[in-house]
Amino acid sequence: MRLVIKVGTSTLTHASGRIDIRHVESLCKTVSDLKNAGHEPIIVSSGAIAMGVAKLGLASRPKDMPSKQAAAAVGQCELMYRYDKLFGEYNHSVAQVLVTAEDIKNSARQAHFQNTVFKLIELGVIPVINENDTVSTAEISVGDNDTLAAIVAVGINADMLVLLSDIDGLYTSDPHRDAAAERIARVDEIDDRIYAIAGGVGSSRGTGGMATKIKAAEICTRGGIDMIIADGSSPDVLYNIADGESVGTLFVGKKTK
Ligand code: GLU
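As the structure is a computational prediction, the values presented were derived from the model and not from experiment.

Student: So, the overall build of the chain: which residues are in play, and what are the values?
Tutor: Counting secondary structure elements, the chain contains ten helices and eight strands. Radius of gyration (C-alpha) of the chain: 17 Å, near the 18 Å computed for a compact globule of 257 residues. Seen through its C-alpha atoms, the chain measures out along the principal axes to roughly 40 × 40 × 35 Å. The proportion of buried residues among the 257 residues of the chain is 53%. Counting contacts in the chain only where the partners sit at least 6 residues apart, residues at least 24 apart contribute 74% of the total. Counting 26 positive and 32 negative side-chain charges, the chain places the averaged centre of each group 3 Å from the other.

Student: Lay out the layout of surface pockets with the relevant residues and their values.
Tutor: One number sums up the size of the second largest pocket: a volume of about 180 Å³. Contributing to the lining of the second largest pocket are 13 residues, with A15, G17, A50, V53 and R61 lying nearest its centre.

Student: So what's going on with the nonpolar core? Which residues, and what values?
Tutor: The biggest cluster of nonpolar side chains holds 43 residues, and the ones touching the most others in it are V4, I129, L148, L161, L170, M227 and F251. The residues touching M227, leaving out its near neighbours within four places in the chain, are L161, L163, K213, A216, A217, C220, T249, L250 and F251. Core analysis: the second largest hydrophobic core is formed by 35 residues, L3, I43, A71 and A230 among them.

Student: Could you give me a rundown of empty space enclosed by the protein, with the residues and numbers involved?
Tutor: This structure, assessed with the given rule, holds one cavity of 30 Å³ or more. When its volume is computed, the largest cavity comes out at roughly 30 Å³. If you list the elements that add at least two residues to the lining of the largest cavity, you get α1 (9–12) and α2 (21–36). With three residues, α2 is the single largest residue contributor to the lining of the largest cavity. Of the residues assigned to the lining of the largest cavity, the class counts are six nonpolar, three polar and no charged.

Student: Which residues make up the pairing of strand β4 (residues 126–131), and what are the values?
Tutor: Among the six residues that make up β4, six are buried, leaving the element largely enclosed by the rest of the structure. Burial of the side chains of β4 extends over both faces: I126, V128 and N130 are buried on one face and P127, I129 and E131 on the other. Both strand β3 (residues 94–99) and β4 contribute to a ladder of six bridges, which runs parallel. Looking across to β4, one finds that V94 is bridged to I126.

Thresholds, definitions, all that
- Position numbers for residues count from 1 along each chain, tracking the sequence in the order it is written.
- Per-residue local features are limited, in this predicted model, to residues with pLDDT of at least 70; the limit for side-chain atom pairs, both in listing and counting, is 80 or more; totals at the level of whole chains, interfaces and linings are taken over all residues.
- To obtain the side-chain values, all non-hydrogen atoms of the structure were used and water was disregarded.
- Per the convention used, a helix needs a DSSP run of H or I reaching at least four residues, while a strand needs a run of E reaching at least two, with both numbered from the N terminus.
- As a reference, a globule follows 2.2 Å times the number of residues to the power 0.38, and the radius of gyration itself is taken over C-alpha atoms.
- For every residue, the accessible area obtained with a 1.4 Å probe (protein chains only) is divided by the maximum for its type, and the residue is called buried under 20%, exposed over 50%, and partly exposed between those limits.
- Contacts are assigned to residue pairs with any non-hydrogen atoms lying within 4.5 Å of each other.
- When charges are counted, Lys and Arg contribute as positive and Asp and Glu as negative, whereas His and the chain ends are disregarded.
- Where a charge sits is defined by one atom per residue type, namely NZ (Lys), CZ (Arg), CG (Asp) or CD (Glu).
- Definitions used for this entry: grid spacing 1 Å over protein atoms alone; cavity, a set of points where a 1.4 Å probe fits but cannot get out; pocket, an open set with protein on both sides within 12 Å along at least 5 of 7 lines; lining residue, one with an atom within 4 Å of a point.
- Grid points are joined across faces, edges and corners, and a volume is the space filled by probe spheres set on the points.
- To define a nonpolar core, start from buried Ala, Val, Leu, Ile, Met, Phe, Trp, Tyr and Cys residues and group those joined through side-chain atoms within 4.5 Å.
- Each residue receives one of three labels: charged for Asp, Glu, Lys and Arg, nonpolar for Ala, Val, Leu, Ile, Met, Phe, Trp, Tyr, Cys and Pro, and polar for the others, Gly being one of them.
- Paired strands, as defined in this entry, are two strands with at least two bridges between them according to DSSP.

What follows is the structure in structure tokens.
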């Protein structure tokens, strides 16, 4: 199974911005094992800005663009260092792939991106993709990695996109506030009701909330790809997903054939 796995900032880091060792170690172990089993994992990873903020000792996430970009430049190194080290323990190599919205819109650049990712997969490497935050300014950025992961999943013909999040799926209402909230296991049609539900639910420290996840689901399902929102605090769920079990919320891709 060619599996794009998107990990959000709130899964990768603590509220302090420092790395969440338990989550990241367990993610790398599980993804390595899936690769050993013959799957083709591709990671879309956030966390660069948060890790940069922590490493630079800034009091909080900066608001201005140059500071955010500087933090991303510092944090991206830290992020890749961690992935390289942890995947290396299981004898897997990683590759850093940074893209901008321009690389996606421009068909020649998109083709180069796809060819590189296909070659990395062929070489047995695990691509780790993030937006190139140091050069993406607000006007031209993809903006959030949920959307980026969906575009990547469609572009490289993945079987599935898994969004590992700080919430284990889409609920009928906000589960933090409403005890009667129920997890929706399967969505066949993304309609106004789904958007209305998603509008009220935020996730904390990443860029995206539930709304960007639904937008990502639209991109995936339109492209014929299934997407799952699952709990990032237990990357073990990736085993269940690979086994075809029902986990989190599944958005069913529109198969044309
Ligand atoms: N590219 C950003 C980062 O690495 C994250 C964007 C997002 O969380 O959606 O910090």
